[in-house]
Amino acid sequence: DVKPMVKAAIDTGGEKLVTVVFSDGSTQSIDANQGLALGGGVSIRDTESPLEVEVSLSYKFDSVHASNADITWTRWPLDVLVFYRLDPLRLGGGITYHLNPKLSGSGAASGLDISFDAAFGFVLQADYLLRDNVALGARYTSLKYKASGIPGSAKSDGIGIVFSVAF
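Residues numbered from 1 in each chain as written. Predicted model: local features only at pLDDT ≥ 70, side-chain atom pairs only at ≥ 80, totals over all residues. Heavy atoms only, no water.

Trainee: Can you walk me through the overall build of the protein chain in this structure?
Mentor: For the protein chain, the count of helices and strands is 0 helices and 12 strands. Each helix and strand of the protein chain, placed in order from N terminus to C terminus, yields the pattern β-β-β-β-β-β-β-β-β-β-β-β. Overall, the C-alpha framework of the protein chain stretches about 60 × 35 × 20 Å when taken along its three principal axes. Taken across its 167 residues, the protein chain has 39% of its residues classed as buried. (Helix = DSSP H or I, 4+ residues; strand = E, 2+ residues; numbered from the N terminus. Buried < 20%, exposed > 50% of the residue type's maximum accessible area, 1.4 Å probe, protein only.)

Right, dumping it as structure tokens:
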């Protein structure tokens, strides 16, 4: 059974990529795993088997907005996850490949333009099945971003909450 699916996730954690200091002295940071992800793909499941495969592509982003500048952190995670269903739970994991990771700025931060190499990592995920094809869960993601053409890297280990629906 192959069904289209959509998902939304919010993640936190990872090393700090950038910290913005505002005129009032307050700060706001963007961490490597931080962001909101919206995406879709397919869920592949044989109803006679407890195994399920989910393949999805998402757009993941986070930003800091100030009166004179914006900083945005974007990437395209491609996830391939295998789950074992123990109704009402779904436990699994797999690989993630983040395409086109980019940290960019505008306004007073327009000089900020850092592209990162595509990065492989892994995901562990545990979901509670609200209905047969509706899941709410927690996930752990681990990968490392390396900036293109400059030394250094940023670990993107962190946790998140994910909601998915297969049709």
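Trainee: What exactly am I supposed to notice about the pattern of salt bridges here?
Mentor: Two side chains of opposite charge can pair, provided their charged atoms sit close to one another. Tallied over the full model, the rule gives 13 salt bridges. For the salt bridge of lysine 3 with aspartate 1, the shortest nitrogen-to-oxygen distance reads 3.9 Å. With relative accessibility at 21%, the residue lysine 3 sits in the partly exposed group. Residue aspartate 1 is classed as exposed on the basis of its relative accessible area, which comes to 54%. The partner of aspartate 87 in a salt bridge is arginine 85, with the nearest N and O atoms 3.9 Å apart. Looking at arginine 85, the relative accessible area reads 7%, which means it is buried. It is possible to trace a salt-bridge network through shared partners that takes in Arg45, Glu52, Glu54, Arg85, Asp87, Arg90, Asp127 and Asp132. (Salt bridge = Lys/Arg side-chain N within 4 Å of Asp/Glu carboxyl O.)

Trainee: Help me understand the packing of aromatic side chains, please; the structure alone is not making it clear to me.
Mentor: Given two aromatic rings, one states the distance between the centres and the angle between the planes to describe the pair. Per the counting criterion, the structure on display carries 7 aromatic pairs. On the numbers, 4.9 Å between centres and 55 degrees between planes, the contact of tyrosine 59 with tryptophan 76 is tilted. Placement of the pair is tyrosine 59 in strand 5 (residues 51–65) and tryptophan 76 in strand 6 (residues 69–86), with a sequence separation of 17 residues. For the ring pair tryptophan 73 and phenylalanine 116, a centre distance of 5.3 Å and an interplane angle of 75 degrees mean the geometry is edge-to-face. Residue tryptophan 73 is located in strand 6, and its partner phenylalanine 116 is located in the loop between strand 8 (113–115) and strand 9 (119–131); the two are separated by 43 residues in the primary sequence. When sorted by exposure, tryptophan 73 lands in the same class as phenylalanine 116, which is buried. Grouped by ring-pair contacts, the aromatic residues Tyr59, Phe61 and Trp76 constitute a single cluster. (Phe/Tyr/Trp six-rings, centres within 6.5 Å; stacked < 30°, edge-to-face > 60°.)

Trainee: Just to check I follow, could you spell out the nonpolar core for this structure?
Mentor: Most often, soluble globular proteins keep nonpolar side chains buried together rather than apart. Ranked by internal contacts, the top residues of the largest apolar core, which has 16 residues, are Val18, Ile30, Ile71, Trp73, Leu103, Phe116 and Tyr145. Of all the secondary structure elements, the ones that give two or more residues to this core are strand 2 (16–21), strand 6 and strand 10 (134–146). Among the elements that take part in this core, strand 6 stands out by supplying 3 residues, more than any other. (Core = buried A, V, L, I, M, F, W, Y, C linked by side-chain atoms within 4.5 Å.)

Trainee: Before we go on, may I ask you to explain the environment of valine 42 in this structure?
Mentor: Its place among the elements puts valine 42 in strand 4 (residues 35–45). In this structure, the C-alpha to C-alpha distance between valine 42 and glutamate 54, residues 12 residues apart in sequence, is 5.8 Å. In contact with valine 42, not counting residues within four places along its chain, are Val2, Lys3, Pro4, Met5, Val53, Glu54 and Val55. (Contact = heavy atoms within 4.5 Å.)

Trainee: Could you clarify how one ought to interpret the pairing of strand 2 in this entry?
Mentor: Regular strands place their side chains on alternate faces of the sheet. Across 5 bridges, the pairing between strand 2 and strand 3 (residues 27–31) is antiparallel. Bridge pairing links lysine 16 to aspartate 31 in strand 3. Where strand 2 folds back onto strand 3 in an antiparallel hairpin, the turn is made up of 5 residues, including glycine 25, whose phi is positive at roughly 90 degrees. (Pairing = 2+ DSSP bridges.)

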